[in-house]
Amino acid sequence: MKELFQIIQDPRFHLLYGVTQRFSAGPQPQRVRLNREGCKLVEGVTKRASVHPNMRLAVHPNPGKGDKFSPIFGKITDVSERSIFIDYIEPDEELRSAAAAVKKVDLLAAPEQGQELAALLKSLGLNTRSLGQDCSTLIINGLNPDPGVTWAEPMLLAHQETIRAGLKVLRRLSPANRIILAVPKELNLHLTDIEIAHVPAHYPASINALVVKAVTGKENPKDVGIVGLHNLWSLGHVARTGLPLTETVVTLGSLEHSGNYIVYDGSLIGDLLEFAHIPLHTGDTLVRGGPLRGESVDKLSRSITCGTPSVFVVEAGTIPPMEGHSPCINCGACVLACPARLSPSILSRNAEFALHDRNTAEHITSCLECGLCGYVCIARRPVLQYIRLSKYKLAQAAEARRCLESRRTIEASCTIAAQPESAEAQGGK
Ligand code: SF4
Ligand code: SF4
């Protein structure tokens, strides 16, 4: 028990790092791979088409999800269901003129509010689902999301002009009458234009549900929403540039190196690591997202998207690898570590044997996906991955049930509609 307590008290889990220097500019990409999942391509966006910075390439049908824009001059080399691939080309006069003709939007002076403003922001590439959520209190989660991710402090201390611009637009977008910025207890922040709440800064305290509890004193209170600091930064960045969102802030890290960069949407992970002088050796693991909650990536040609918090190289030998087939030894460490008071061992075993239905009764939806269960597991079971698999399977099954239900409803209404006609036909005989 004492040992487990020490693991959770790992100093690397303290989410304040004293990093305050401004973000460095990232590389100018020679190739980008934009995630276009769920988006409809704009007419003319096909293989071999030329594109320029801030050119709209795809539109998401969901009003809360931002459209997709090219971050660079280039030629589209491929388009798949999930991605648009662009290779940089030296722009000719026509392409330069098209880029120069992109109109800037003065978001700070624009009259739009609420839904109208949300539509305008969507057309500038911003996701507004969490920024504009329906609630009376909106909390901005100002903590570094995962151990090792270090951009929250410099965002709050060295990039205040962007945060202030974001706040100005957010007040016109959000229906909340109270907006609170949650920051670590020890952070000395001078920001007069927003109510500030101080919360613990030891992982997993940065998980949204735990920040809400720390600020309000309640678990899952009604009418309280939460949004990440990264979203506020993106809003402020678009407000200051007047141009669509094609950049994001990311921590690039390894055991030896860590830095925060403003990089282009769709930048390839290999290019980012090379730019940051982070070497990758045989046996190292590449992680996109936080070290505890992220996903391992199999190729350097994978890319980041706006909102990816970090990319890490975990050097071979620093952490024992996960073993998918290793059995649970019932040590109970994961149960003690779980901040949601769940039984990760049972959840993972149910998932392992495809008994996903049983996980509903085990309250799998309350899992915060903090990753602590996998971190403390001495059997090196991929506990979080099992839980995510089970959540996915349950969501798939629920969707299939919904489809079946609506098909039955349609069939029933067709039968009712057809009855008078057949009665008439019979009467006419
Ligand atoms: S990821 Fe694991 S430890 Fe974290 S809330 Fe879910 S079950 Fe609990
Ligand atoms: S899943 Fe891992 S940490 Fe949890 S009880 Fe089993 S062996 Fe222990």
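As a starting point, this report considers the structure included with it. (Residues numbered from 1 in each chain as written. Chains lettered and ligands numbered in written order. Predicted model: local features only at pLDDT ≥ 70, side-chain atom pairs only at ≥ 80, totals over all residues. Heavy atoms only, no water.)

This next bit is on the packing of aromatic side chains. For any pair of aromatic rings, the description consists of the separation of the ring centres together with the inter-plane angle of the planes. This model, assessed by the stated rule, comprises 3 aromatic pairs. Pairing Phe-13 with Tyr-203 gives two aromatic rings, centres 5.9 Å apart and planes at 85 degrees, and the pair type is edge-to-face. You can see Phe-13 sitting in the loop between helix 1 (2-8) and strand 1 (24-25) and its partner Tyr-203 sitting in the loop between strand 11 (195-199) and helix 6 (208-216), a full 190 residues away along the chain. In this structure Tyr-203 comes out as buried when scored by relative accessible area, which is 1%. Taken together, a centroid distance of 6.1 Å and an interplanar angle of 80 degrees make the contact between Tyr-261 and Phe-275 edge-to-face. Placement of Tyr-261 in strand 14 (residues 258-264) and of Phe-275 in helix 8 (residues 269-275) is noted, with a sequence separation of 14 residues between them. (Phe/Tyr/Trp six-rings, centres within 6.5 Å; stacked < 30°, edge-to-face > 60°. Helix = DSSP H or I, 4+ residues; strand = E, 2+ residues; numbered from the N terminus. Buried < 20%, exposed > 50% of the residue type's maximum accessible area, 1.4 Å probe, protein only.)

A few words on the sheet that holds strand 12 (residues 224-228). Across the sheet, 4 strands lie side by side as 11-10-9-12; this open sheet has parallel pairing. Each edge of the open sheet carries a strand with a single partner, namely strand 11 and strand 12. With strand direction ignored, the average angle separating the axes of adjacent strands in the sheet is 30 degrees. Of the pairings in the sheet, the one linking strand 9 (residues 137-141) to strand 10 (residues 178-184) comprises 5 bridges and is parallel in character. If you follow Ile-139 over to strand 10, its bridge partner there is Ile-180. (Pairing = 2+ DSSP bridges. Axes fitted to C-alpha atoms, helices over the stretch in contact; angles between N-to-C directions.)

Mapped onto the fold, Ala-337 is located in helix 9 (residues 333-337). Judged by its relative accessible area of 9%, Ala-337 falls in the buried class. The spatial distance from the C-alpha of Ala-337 to the C-alpha of Ile-364 is 16 Å, given a sequence separation of 27 residues.

Attention now goes to the nonpolar core. Leu-107, Ile-140, Leu-170, Leu-181 and Leu-229 are the most contacted members of the largest nonpolar core, which has 46 residues in total. Listed by contribution, the elements that provide at least two residues to this core are helix 3 (114-122), strand 9, helix 4 (152-157), helix 5 (160-173), strand 10, helix 7 (229-241) and strand 17 (310-314). Excluding residues that lie within four positions of it along the chain, Leu-229 makes contacts with Ile-140, Asn-141, Gly-142, Ala-152, Met-155, Leu-156, Ile-163 and Leu-181. The next biggest cluster of nonpolar side chains, apart from the first, holds 30 residues, and it includes Ile-226, Ala-333, Ala-340 and Val-376. (Core = buried A, V, L, I, M, F, W, Y, C linked by side-chain atoms within 4.5 Å. Contact = heavy atoms within 4.5 Å.)

Every buried residue of helix 3 is listed here: Leu-117, Ala-118, Leu-120, Leu-121 and Lys-122. On its buried face, helix 3 sits against strand 5 (56-59), helix 5 and helix 7.

This brings us to the sheet that holds strand 3 (residues 40-41). Read across the open sheet, the 3 strands follow the order 3-5-6; overall the sheet is antiparallel. Edge positions in the open sheet fall to strand 3 and strand 6 (68-69), since each of these has one partner strand only. Sheet topology places strand 3 next to strand 5; 2 bridges connect them, and they run antiparallel. Looking at strand 5, one finds that Leu-41 is bridged to Ala-58.

Below, the discussion takes up unusual backbone geometry. Note that the residue after Tyr-203, namely Pro-204, is joined by a cis bond; omega there is 15 degrees. Inspection of the secondary structure assignment puts Pro-204 in the loop between strand 11 and helix 6. The phi dihedral of Arg-380 is positive, around 55 degrees, even though this residue is not glycine. Inspection of the secondary structure puts Arg-380 in the loop between helix 12 (372-376) and helix 13 (383-428).

Any functional reading would require information beyond the geometric quantities listed.
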